[in-house]
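An overview of the molecular structure
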Amino acid sequence: MLATLFSADAAPGAEIDAALEAAGAVDEGLLHGFARIDDDRAAALAALAAAFAGSPLGDAVAEAVEKISAGSVADDHLFALAAARIALFGAVHDALLARADAELGRQRAEWHGEPGPAAAATHLLGGARSWLRELAITGWRGVDHDLVAAAGQAIEAALGDPELRRLAVLLDGLAAELRAGSPIATMAPVPVRRWADLWSRALLLARDGGRAQRAAQGETVTGRLLVLGVDVHEHPTAVQVQVHGVLEAAGAPVRLVRASVSAAKVDTIVGPAVWRLLAGHPMLLTALAEHRALDLSDMPLLPGGDLIWRDTQARPGDPADPFTTARVHLGGALAPATPPLERHPARIAEPVFVEDLSAVTVDTTRLPACGPLTPAAVKAASACIGLLRWDDGTWTVQPLGVLATVKKKPVGLHTADWALGPTDPKLAKSAGEAVEVLRERAGRLLRK
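Residues numbered from 1 in each chain as written. Predicted model: local features only at pLDDT ≥ 70, side-chain atom pairs only at ≥ 80, totals over all residues. Heavy atoms only, no water.

1. What to know about the sheet that holds strand S10 (residues 409-414)
For clarity, the cut-off: Between any two strands, pairing holds if DSSP finds at least two bridges. A run of H or I in DSSP becomes a helix once it reaches four residues, and a run of E becomes a strand once it reaches two; helices and strands are each numbered from the N terminus. All axes here are fitted lines through C-alpha atoms, helices being fitted over the stretch that makes contact, and every angle between N-to-C directions spans 0 to 180 degrees. By definition, residues are in contact when any of their heavy atoms lie within 4.5 Å.
Judged by pairing direction, the sheet is antiparallel, and its four strands sit side by side in the order S7-S8-S9-S10 without closing on themselves. Strands at the two margins of the open sheet, each flanked by one partner only, are strand S7 (350-354) and S10. Between one strand axis and the next, the sheet turns by 35° as a mean value, whatever way the strands run. Looking at chain direction, strand S8 (residues 383-391) and strand S9 (residues 394-406) are connected through nine bridges and run antiparallel. Within S9, the position partnered with Leu388 by the bridge is Val397. Its contacts with the sheet place helix H4 (residues 75-104) against S7, S8 and S9, and it is angled at close to 155° to S8. Taken strand by strand, helix H11 (residues 322-329) contacts S7, S8, S9 and S10, and its axis lies near 65° from that of S8.

Structure representation (structure tokens):
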């Protein structure tokens, strides 16, 4: 089913190229700074405004382009450019996802939901907007340590309010990347699109605290979660485990869902040790390590397909092999709608079952160090459960689990096999040492 997507004739298409080119006007402005608009960048911004003529954003984008080209850079003008850029990438996301759904024969739910109320602590957002405005005026090439450090107060203020935590983490991550690359004038190459993604998303969140993110209340579900695979997102200061699975609930179609849990960390905790940080979710970790289904009771489910994980409302159930789940359920499961602000090509991560790995482009660069899955194991695999992704113009499959033949017997390897610790005693001992040492030191400091 996936072969057509990976064929040489599967070009992105003129519409997708045009949308990305239009968004590039904002990216170039952020690279060099909107305080310095030459004729070429002014022409690119004018083309962006023309692309939105007649749309709901048309007047706002046209005014923003006119004012910025004349040397006036205000928050509302930058907000219009950020909204236009996000809309363009959203359109690209929709086109690519529709193409993937058609190839997979996958049905997808429609989005339902109204924007929620603005965050109560909007008075804390001024500092974030001010810093993001300075970044836009200066441009990535002009960023230095002083400008990066100026984000500290805004980040601290946002971290203090739970409603603004998403914005705070985003700002902290962007500041950390800028700090690592400063002075950026000497940096090559600059991750222009990535930083523009982060800046645009942060600016929208800094307007009202992420009103669209709390769009719909969702529902509560009781049923059985069958795990397909686990995607591990790791950062020096945080780790998130995102479980992809199939939900069976009475009175509802079989649905594709996700469940995520996360924890703060330090950069010395790596490899299998990161699982120790998630010990507060024993039901989930047991099911992942032992390949069991999870029986859920009144678990919140958002319209975007995300379960709000509450470990006390889940119990490990019967054994459930992920490859059996993929073969039986993946083809007919209903896929969730994508929330408005999540519509971006980089966000596409569709669970797929691949029996002919030679027909697809396999990306092993995302394999986590906290599990037994390695590039060598993927290379020797006869089948794979993975995530279909769009990566800068090409489709790839990120493996979450593989089926290989070892001593003439089929053996499955999955990213979360070590959720309760490595099976190798030597690895198990070293996996816990860093966490225990840090806990002991923290306890000693508290006692003082």
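2. Points about the pairing of S10
Of the pairings in the sheet, the one linking S9 to S10 comprises six bridges and is antiparallel in character. From the neighbouring strand, Leu403 faces S10, where its bridge partner is Gly412. Counting the residues between successive antiparallel strands, the hairpin from S9 to S10 contains two residues, one of them, Lys407, with a positive phi of roughly 55°.

3. Focus: the packing of aromatic side chains
Rules: Aromatic contacts are taken between Phe, Tyr and Trp rings whose centres are within 6.5 Å, Trp giving its six-membered ring; a plane angle under 30 degrees counts as stacked, one over 60 as edge-to-face, and the others as tilted. Note on exposure labels: buried denotes an accessible area under 20% of the residue type's maximum, exposed denotes more than 50%, and partly exposed covers the range between, all computed with a 1.4 Å probe on protein chains only.
By the definition in use, this model includes three aromatic pairs. Considering the side-chain rings of Trp140 and Trp195, the 5.5 Å spacing of their centres and the 65° angle between planes classify their relative orientation as edge-to-face. Taken together, the positions of Trp140 in the loop between helix H5 (126-138) and helix H6 (145-149) and Trp195 in helix H9 (residues 192-208) put the pair 55 residues apart, joining distant regions of the chain. Residue classification places Trp140 among the buried positions, given a relative accessible area of 0%. When its relative accessible area of 1% is taken as the criterion, Trp195 is described as buried. With 6.2 Å between their ring centres and 65° between their planes, Phe323 and Phe353 make a pair best called edge-to-face. Of the two residues, Phe323 is situated in helix H11 and Phe353 in strand S7; the sequence distance between them amounts to 30 residues. The class of Phe323 is buried, set by a relative accessible area of 2%.

4. A word on unusual backbone geometry
With an omega dihedral of -5°, the bond running from Ser182 to Pro183 counts as a cis peptide bond. By secondary structure assignment, the location of Pro183 is in the loop between helix H8 (165-181) and H9. Along the chain, Ala188 connects to Pro189 via a cis peptide bond; the corresponding omega equals -10°. Relative to the assigned elements, Pro189 resides in the loop between H8 and H9. Phi is positive for Asp298, which is not a glycine, with a value near 55°. Within the secondary structure, Asp298 sits in strand S4 (residues 292-301).

5. What to know about the environment of Pro375
Among the secondary structure elements, Pro375 is positioned in helix H12 (residues 375-379). With relative accessibility at 47%, the residue Pro375 sits in the partly exposed group. With residues up to four places along the chain from it excluded, the contact list for Pro375 reads Thr364 and Leu367.

6. Side note on the pattern of salt bridges
Basically, it comes down to this: Any Lys or Arg side-chain nitrogen located within 4 Å of an Asp or Glu carboxyl oxygen qualifies as a salt bridge.
Tallied over the full model, the rule gives 20 salt bridges. The partner of Arg389 in a salt bridge is Asp231, with the nearest N and O atoms 2.9 Å apart. Of this pair, Arg389 sits in strand S8 while Asp231 sits in strand S1 (residues 219-235), and the two are 158 residues apart along the sequence. In this pair, the class of Arg389 matches that of Asp231, namely buried. Glu342 is the salt-bridge partner of Arg347, the closest N and O atoms lying 3.9 Å from each other. Since its relative accessible area comes to 24%, Arg347 is described here as partly exposed. Connected through shared salt-bridge partners, Asp101, Arg106, Arg108 and Glu350 make up one network.

7. A short note on the environment of Arg201
What counts, and what does not: The definition of a polar contact used here is a pair of N or O atoms within 3.5 Å, where within protein one atom must be able to donate a hydrogen and the other to accept one, and adjacent residues in sequence count solely through side-chain atom pairs.
Here Arg201 shows up in helix H9. Sequence separation of Arg201 and Glu342 is 141 residues, and the distance between their C-alpha atoms is 9.6 Å. At 3.4 Å, the side chain of Arg201 forms a polar contact with the backbone oxygen of Leu341.

8. A look at the environment of Asp391
Structurally, the position occupied by Asp391 is in strand S8. The exposure class assigned to Asp391 is partly exposed, which follows from its relative accessible area of 39%. Residues Asp391 and Ile348, 43 residues apart in the sequence, show an inter-C-alpha distance of 9.3 Å.

9. Quick look at the packing of helix H3 (residues 58-69) against H4
The test is simple: In this scheme, roughly parallel covers angles under 35 degrees and roughly antiparallel covers those over 145, while 65 to 115 is roughly perpendicular and the rest are oblique. Helix crossings get a hand from a simple test, with the near helix turned counterclockwise from the far one by less than a right angle marking a left-handed crossing and a clockwise turn marking a right-handed one.
One way to put it is that H3 packs onto H4 with a least axis distance of 8 Å and a crossing angle of 125°. Taken together, the axes of H3 and H4 are oblique relative to one another. As H3 runs across H4, the sense of the crossing is left-handed. Seen from H3, the contacting residues are Ala60, Val61, Glu63, Ala64, Val65, Lys67 and Ile68; seen from H4, they are His77, Leu78, Ala80, Leu81 and Ala84.

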